[in-house]
Every structure is written in structure tokens, then in C-alpha cells.
Amino acid sequence: MFALRQCLHSRRAYATNASPSSMPKLAKVARTASTPLAVRLRRRKQFGPTASGASDATEDGLTPTDHARYTRLKAQGLLEGFSSPAEWAAQRDQHRSRVRGFRRKNEDGVQVTEVVGRKVYLPNIVFRLVRNHTPPGEPYNPYEATFRIPQSVTKTDVRSILQAVYGVKTTYIRTDNYISPWYRTQEGYERRPYKTYKRAVVGLVDPFYYPHRLEDMPEQERKQREEYIEKHFHIQQTRNMQKEELLRRTMGGGKASFKFKAPFATKRSHIIRLVAERRAKREGLIADVIGGIQALRESNEPVTYKNVKNVIQPIPPASDDAPLSQQ
């Protein structure tokens, strides 16, 4: 599973019970960047493109969709008692929070939040937290979290588990399915189950910064991270043990070991040795043919293929362990 780190110095009021006008600028930019592609294309066609790192929120902090809904309801005369769009949005968000299983009431002048939902017995499922997709040149969005979940898990399950188990508040959840392609096998075609999964993109109330990759870390932090990984997981130690075991087996150590021969080896020294052996064998055959032709001419015999073959003596096969000077 995972654990989210909350940055206390950069919290935002990006929740269903917060006023849109009180949202910080970074939260509005993150909300704009998290808008679905179809909605972005529709807004681009209607209002024009939005600059990178900017927000499409109105002065009251509402999205263009919410502002259009507010204008439409106001024209229909259904918003009596609301003096501003921010007040209407706050009332709407409070209603949404109530529908999601929370109820707020006053007890002796103190506002108390009560959970009115039922108990949820969690199944044995795995939520895998992965890095968000960030295009090159754009900053990482800390108000989103990406999970790989089983295909049987729904958006309601994701929100319930994050809230009940980890206390993580969510603003939106979007899911999509990835189906494994067909792969050819000896029996025919099949799909690979481990390449079939569902992706859930979750909007977060509190920002979460995914740990940097090793290649993106500063030199000092990268060194500390590598030491931590080596201390707890022994990655390099395992690789060294594998190399030592392979070296022990290739050098020989009794009946249980084996030894690489030159035709089956892939080391550079073995390949060079094999090339030198073949070259020496080829040059030796050429020298024997030349000597046979010269011997036939000295004895005044006709130089034919049959006579040259009879003169040349067959070369005994050389051992793989014999030095090149003896071949």
C-alpha cells in the first residue's frame, strides 16, 4: 500500500466544503490541468486557449462550467437567497459533502462532523501508487495521485478506501481501463493478465509530492537515497553475490560446476581466441595447398585437383585448450 505525505506549509482549500474564492492560485491551476480532455477542447473552442501554468477560473473561483450553471439557474429564478456565486458554490459543496456520508451538526455550540455511512469491510485488493504522467517541460501536479487498481474496483470503492483507511480526502476520481494486446504463442494467441489493469486518477485535497527519481535528485540526496536502498534492500550486494556465483561456476569447482567452451562463450577474450584459431587454420590449409602444387611441379606431374588432394596430408583436429603456437 502507500502513505501520503502532507506538506503543512503548502496546504490548500481545495475541498468540497471550502469556498472556491479561498482557493490558492496553485490549486486553481491544478484543477484546470486536471480537467478532462473533452472539456478542455470544448472550453478552448468557446473561450480560446489557456496559457500553460494559468487557470480558467472566474473571479469568484468557479470553473467555466459552474459559472455557466450559476448563470442559467439565476436566469430561471431558482437562486433566490444567494447574493453571490461563491455563496451558491459553498452551499452546493456542503450538500455534496452531506450526500457523501457526512453530516454536520451543532452540539452545545460546537460543530461536529458525523459519519452516517455504513461499515465497509475491505476486500483483499492492492492499490499501487505510481507516478503521475507529466509532459516534458511541465511541473509535477501534486494535487493528483495515480493508482493501478483491479478492474473490479469502482470509483466509490476508491473513495471509501482512501477515506476510511488512510484519511485521504478526494475531490474527483477518473478511471480508465488498459487491456493487454494479443501475443502470439505456440498454442495460438493470448493476452497477458499482468498487462491488463485499471488506472484511477484521484484529485487530492492536500498536496502529495511523489519522490524524485534517482537521476533527478541532487548529488547529496541521491547518495543518501542509494545508501538507504542498499541498507534496507541490499540490491548491490545481491548483484555481487550473483557475479561471484557465476564466476565460481565458470572457473570450475568440482562435478557440480561447468565450464564455458569457446564456441558457446560470449566474452570478448573467447571470441578473439576463436577468430584467431579459425584464421590460423585457414592459413595452414592455404600453405599446404601451395606446398602440394610446388611438389607436383618439381616432380613433373600434372597439377590436378586429385593429385593435389593426394599430396596434402590431413591435419589432425586441434584441441580447444591447445595454445595457438602448437596449431
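Residues numbered from 1 in each chain as written. Predicted model: local features only at pLDDT ≥ 70, side-chain atom pairs only at ≥ 80, totals over all residues. Heavy atoms only, no water.

**Side note on the overall build of the protein chain**
Alright, step 1. In terms of helices and strands, the protein chain carries nine helices and eight strands.
Alright, step 2. Across the 327 residues of the protein chain, 24% fall into the buried class.
Alright, step 3. Partitioning the contacts of the protein chain with sequence separation of at least 6, the portion at a separation of at least 24 is 52%.
Alright, step 4. Within the structure as shown, the protein chain displays about 24500 Å² of accessible surface, and the carbon and sulfur contribution to it stands at 53%. (Helix = DSSP H or I, 4+ residues; strand = E, 2+ residues; numbered from the N terminus. Buried < 20%, exposed > 50% of the residue type's maximum accessible area, 1.4 Å probe, protein only. Contact = heavy atoms within 4.5 Å. Areas by Shrake-Rupley, 256 points an atom, 1.4 Å probe, with all protein chains shown as cover.)

**A few points about the sheet that holds strand S3 (residues 128-130)**
Alright, step 1. The strand order across the open sheet built from four strands is S3-S4-S8-S5, with neighbouring strands paired in antiparallel fashion. If you trace the sheet from one side to the other, it starts and ends with S3 and strand S5 (170-178), each paired once. Geometrically, the sheet is characterised by an average inter-axis angle of 30° between neighbouring strands, direction not taken into account.
Alright, step 2. Where S5 and strand S8 (residues 197-204) come together, seven bridges link them in antiparallel fashion. Bridging from a neighbouring strand, Thr170 pairs with Leu204 of S8. (Pairing = 2+ DSSP bridges. Axes fitted to C-alpha atoms, helices over the stretch in contact; angles between N-to-C directions.)

**Digging into the confidence of the model for the protein chain**
Keep in mind that low pLDDT regions are not for reading the predicted coordinates in detail.
Alright, step 1. Of the residues in the protein chain, 77% have a pLDDT of 70 or more, and the chain-wide mean is 77.
Alright, step 2. Low pLDDT (under 50) marks residues 1-18, which in the prediction has 51 contacts with non-local residues, meaning those over four places away or in another chain.
Alright, step 3. Here residues 319-327 is a poorly scored stretch, pLDDT under 50, and it has ten contacts once near neighbours within four places are set aside; other chains count. (pLDDT = per-residue confidence, 0-100.)

**Here's the deal with the pattern of salt bridges**
Pairing is possible between side chains that carry opposite charge, provided their charged atoms lie close to one another.
Alright, step 1. Tallying each qualifying case throughout the model produces five salt bridges.
Alright, step 2. Taking the shortest distance from any N to any O, the salt bridge between Asp66 and Arg69 comes out at 2.9 Å. With a gap of three residues between them, Asp66 and Arg69 both fall in helix H3 (residues 64-75), about one helical turn apart.
Alright, step 3. Overall, the relative accessible area of 29% leaves Arg69 in the partly exposed class.
Alright, step 4. Between Arg273 and Glu277 there is a salt bridge, with the nearest N and O atoms lying 3.1 Å from each other. In this pair, Arg273 and Glu277 are both assigned in helix H8 (residues 268-298), four residues apart and thus about one turn of the helix distant. (Salt bridge = Lys/Arg side-chain N within 4 Å of Asp/Glu carboxyl O.)

**Brief notes about H3**
Alright, step 1. For H3, with twelve residues, the first-to-last C-alpha span of 16 Å sits near the 16 Å given by 1.5 Å per residue.
Alright, step 2. Among the residues of H3, those classed as buried are Pro64, Asp66 and Tyr70. Buried positions in H3, seen along its axis, are confined to an arc of 160° and lie on one side of it.
Alright, step 3. Backbone geometry just after H3 places Gly77 at a positive phi near 75°. (Expected span 1.5 Å × (residues − 1). Arc of directions from axis to C-beta.)

**Some points on the side chain of Thr63**
Alright, step 1. Mapping Thr63 onto the fold places it in the loop between helix H2 (37-47) and H3.
Alright, step 2. Thr63 gets classed as buried once you look at its relative accessible area, which sits at 11%.
Alright, step 3. Once you skip the residues sitting within four places of it in the chain, Thr63 turns out to touch Arg31 and Arg43.

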